[in-house]
Amino acid sequence: MKLIIAVIKPFKLDEVREALSAAGVQGMTVSEVKGFGRQKGQTEIYRGAEYTTNMVPKIKIEVVVDDAEAAKVVETIQQTAHTGSIGDGKIFVADIGQAVRIRTGETNETAL
């Protein structure tokens, strides 16, 4: 099993969620997060005054899928979240050792 973590622009969430649902992903966790990468924050104007924020708002999506589906899910996220602009985000893939469904006690792939 693989844990796929994608950090994307907030306005892309609905589009990515719909694409993942169409690709067969049955569940995901979504969090509002802040951070920065190469862009080192952003400049905004508030009441006529310009200021710099060093943390940019992003959305973090976490999905656990079977090994066979991981490449398709990563490709779906990458294609859907892509804008071509700086700050499009990142995708991370990690191995998962075990998963347990709390309600039924099912484990690993059957728990997904």
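So, here's what we can say about the structure. This one's a predicted model, so the numbers in the text were calculated from it and none came from an experiment.

**Considerations on the environment of Glu 75**
Structurally, Glu 75 is set in helix 2 (residues 67-81). Residues Glu 75 and Ile 91 lie 16 residues apart in sequence; the distance between their C-alpha atoms is 9.8 Å.

**Comments concerning the sheet that holds strand 1 (residues 2-8)**
Ordered in space as 2-5-1-6, the 4 strands form an open sheet in which the pairing is antiparallel. Edge positions in the sheet fall to strand 2 (29-35) and strand 6 (89-95), since each of these pairs with one other strand and no more. Going from strand to strand, the sheet's axes swing by 20° on average, the running direction of each strand aside. By the bridge criterion, 7 bridges tie strand 1 to strand 6 in an arrangement that is antiparallel. Bridge pairing in strand 6 places Val 7 opposite Lys 90.

**A few points about the packing of helix 1 (residues 13-22) against helix 2**
In contact at an axis separation of 9 Å, helix 1 and helix 2 are set at 150° when each is read in the N-to-C sense. Viewed along their axes, helix 1 and helix 2 adopt a mutual orientation that is roughly antiparallel. Where helix 1 crosses over helix 2, the handedness of that crossing is right-handed. Each of Glu 15, Val 16, Ala 19 and Leu 20 in helix 1 lies in contact with helix 2, whose residues at this interface are Val 73, Thr 76, Ile 77, Thr 80 and Ala 81. Broken down by class, the residue content of the contact of helix 1 with helix 2 amounts to 6 nonpolar, 2 polar and 1 charged.

**A few points about helix 1**
Along helix 1, the positions that sit buried rather than exposed are Leu 13, Val 16 and Leu 20. Buried positions in helix 1, seen along its axis, are confined to an arc of 70° and lie on one side of it. Turning to helix 1, the residues buried within the fold contact strand 1, strand 2, strand 5 (56-65) and helix 2. Two residues or fewer after helix 1 comes Gly 24, characterised by a positive phi angle close to 100°.

The rules behind each value
Residues numbered from 1 in each chain as written. Predicted model: local features only at pLDDT ≥ 70, side-chain atom pairs only at ≥ 80, totals over all residues. Heavy atoms only, no water. Helix = DSSP H or I, 4+ residues; strand = E, 2+ residues; numbered from the N terminus. Pairing = 2+ DSSP bridges. Axes fitted to C-alpha atoms, helices over the stretch in contact; angles between N-to-C directions. Parallel < 35°, antiparallel > 145°, perpendicular 65-115°, else oblique. Left-handed = near helix turned anticlockwise from the far one by under 90°. Contact = heavy atoms within 4.5 Å. Nonpolar A, V, L, I, M, F, W, Y, C, P; charged D, E, K, R; others polar. Buried < 20%, exposed > 50% of the residue type's maximum accessible area, 1.4 Å probe, protein only. Arc of directions from axis to C-beta.

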